[in-house]
Structure formats: C-alpha cells, structure tokens
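Inside the fold
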Amino acid sequence: MSKGIKKVWNIFTSIIVALAVLLAVLLVGARFIGLQMFTVLSGSMEPSYPTGSLIYVKQIPTDKIDVGTVITFMLDENTVATHRVVAVLPDEEDSSIVRFRTKGDANEAEDANPVHCNNVIGTPVFHIPQLGYFASYLQTPTGRYTAICVGAIVLLLLFLPDFFSVMTAKEKIAKHEKR
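Summary of the structure given here.

1. Comments concerning the nonpolar core
- Counting residues in each nonpolar core, the largest one holds 10 residues, listed as Ile65, Ile71, Phe73, Ala81, Val85, Val98, Phe100, Val115, Cys117 and Val120.
- Broken down by secondary-structure element, the contributors of at least two residues to this core are strand 3 (70–76), strand 4 (79–90) and strand 5 (98–103).
- When near neighbours in sequence (up to four residues on either side) are disregarded, Cys117 contacts Thr62, Ile97, Val98 and Phe100.

Next up, the structure:
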C-alpha cells in the first residue's frame, strides 16, 4: 500500500473508531455516572424534547421538584413519560406524600392523573435529537446483530492494512532470497 493511501486509510479508520467510541459512551457510558436513558416516543414535549430524542435522566429528590420542573415518571409498569410539573399537590391523608400535576408542553390539557412521588424517576439533564431511534433499534434482535457485524467490520478495517503490509514484507523476503 502506498504511503498516501495508507495515510488516508489511517485517518478514515481513526474517524470510524472515534465515532464508535463516542456512540458507546453516549449509549452505555452514561449509566456509569448514574444517568438513565429513555427514547421520546411522542411529541407531547416538543419543542423541548422532539420525538425520537434520547433523553438522559438523573434522579432528583422529590422535595426539589417545583412547578416548572420537567420530570420523567412511570405512568404504569410498562410506560414512562416526561412532562412538566404544573402543580405540586400534598396528599390529604399523609403529609409525607406529594403528587405532581403534569402536562406536556405541546398538550392542550393537563394529564388526567397526578403523579405519585414514588413514580418519579428523575429529571432530564440533556437530550440528543434522533439518537433515540438508533438506541431503540439496537435493543431489537436485528439491531444487536447489526451492531455486532458493524463492530466486526470495523475491526477488520483496522487490521487490514497490517495484513497487507505483512504480506508485502513476506513477498520482499521471498524476492530477496531468489536473488
């Protein structure tokens, strides 16, 4: 391989590896610092959190949640939502329990049921538009297989120049021995 092609190849593979590492940090590394990730599936919080965004959520004590705070919470055991708090409602029977009236920024009406403080997961700290679609795809069997194949191809691309340079060295030795 000529020096020019090898230099372009090295730059190309370095960019691919850097993007793969960045993607891994965004999709997996955030968990190591205590952030949970969720994909925005509806437009109820647009334009703050567009559909398809990947939001990163950190835990927050419920006593730190005020009107205007955006919270991510469990609607039921299978559904997570992110909406803005429009009212904090103390429980009539137990003063240690608080509920939050919420509303999506793009919704006309408030949510039907207040959110119990135990259902609050946290508050979004940042989001990445469109990355949620990719993260959701990676959670499917097809997405996992695709990721494994892409990883294998990236590794192959990284070691391909070395393979050719070893072959070239062997060829040079063989030619030298023939003389």
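2. A closer look at the packing of helix 1 (residues 3–32) against helix 2 (residues 131–138)
- Their axes nearest at 12 Å, the elements helix 1 and helix 2 cross at an angle of 80 degrees. Classified by the interaxial angle, the pair formed by helix 1 and helix 2 is roughly perpendicular. Residue-level contacts link Leu23, Leu26 and Leu27 of helix 1 to Leu131, Phe134, Ala135 and Leu138 of helix 2.
- When the residues that make up the contact of helix 1 with helix 2 are grouped by side-chain class, the tally is seven nonpolar, no polar and no charged.

3. Quick notes on helix 1
- The terminal C-alpha atoms of helix 1 lie 41 Å apart, and with 30 residues this matches the ideal 44 Å at 1.5 Å per residue to within 8%.
- Among all positions in helix 1, only Thr13, Leu27 and Ala30 are buried.
- A positive phi of about 90 degrees marks Gly34, the residue just after helix 1.

4. Re the side chain of Asp111
- With respect to the helices and strands, the residue Asp111 is situated in the loop between strand 5 and strand 6 (115–116).
- At 7.8 Å, Arg101 is the nearest oppositely charged side chain to Asp111, a buried residue that forms no salt bridge.
- A polar atom in the side chain of Asp111 sits 2.6 Å from the side chain of His83.
- Side chain to side chain, Asp111 and Thr102 meet in a polar contact 2.4 Å long.

5. Observations regarding the pairing of strand 4
- Where strand 3 lies against strand 4, six bridges are found, and the strand directions are antiparallel. When the sheet's bridge partners are listed, Phe73 is paired in strand 4 with Ala81.
- The turn linking strand 3 back onto strand 4 is made up of two residues.
- Across six bridges, strand 4 lies against strand 5 in antiparallel orientation. Of the residues in strand 5, the one forming a bridge with Leu89 is Arg99.

What counts and how
- Residues numbered from 1 in each chain as written.
- Predicted model: local features only at pLDDT ≥ 70, side-chain atom pairs only at ≥ 80, totals over all residues.
- Heavy atoms only, no water.
- Core = buried A, V, L, I, M, F, W, Y, C linked by side-chain atoms within 4.5 Å.
- Buried < 20%, exposed > 50% of the residue type's maximum accessible area, 1.4 Å probe, protein only.
- Helix = DSSP H or I, 4+ residues; strand = E, 2+ residues; numbered from the N terminus.
- Contact = heavy atoms within 4.5 Å.
- Axes fitted to C-alpha atoms, helices over the stretch in contact; angles between N-to-C directions.
- Parallel < 35°, antiparallel > 145°, perpendicular 65-115°, else oblique.
- Nonpolar A, V, L, I, M, F, W, Y, C, P; charged D, E, K, R; others polar.
- Expected span 1.5 Å × (residues − 1).
- Lys, Arg positive; Asp, Glu negative; His and termini not counted.
- Salt bridge = Lys/Arg side-chain N within 4 Å of Asp/Glu carboxyl O.
- Polar contact = N/O pair within 3.5 Å; in protein donor to acceptor, adjacent residues only side chain to side chain.
- Pairing = 2+ DSSP bridges.

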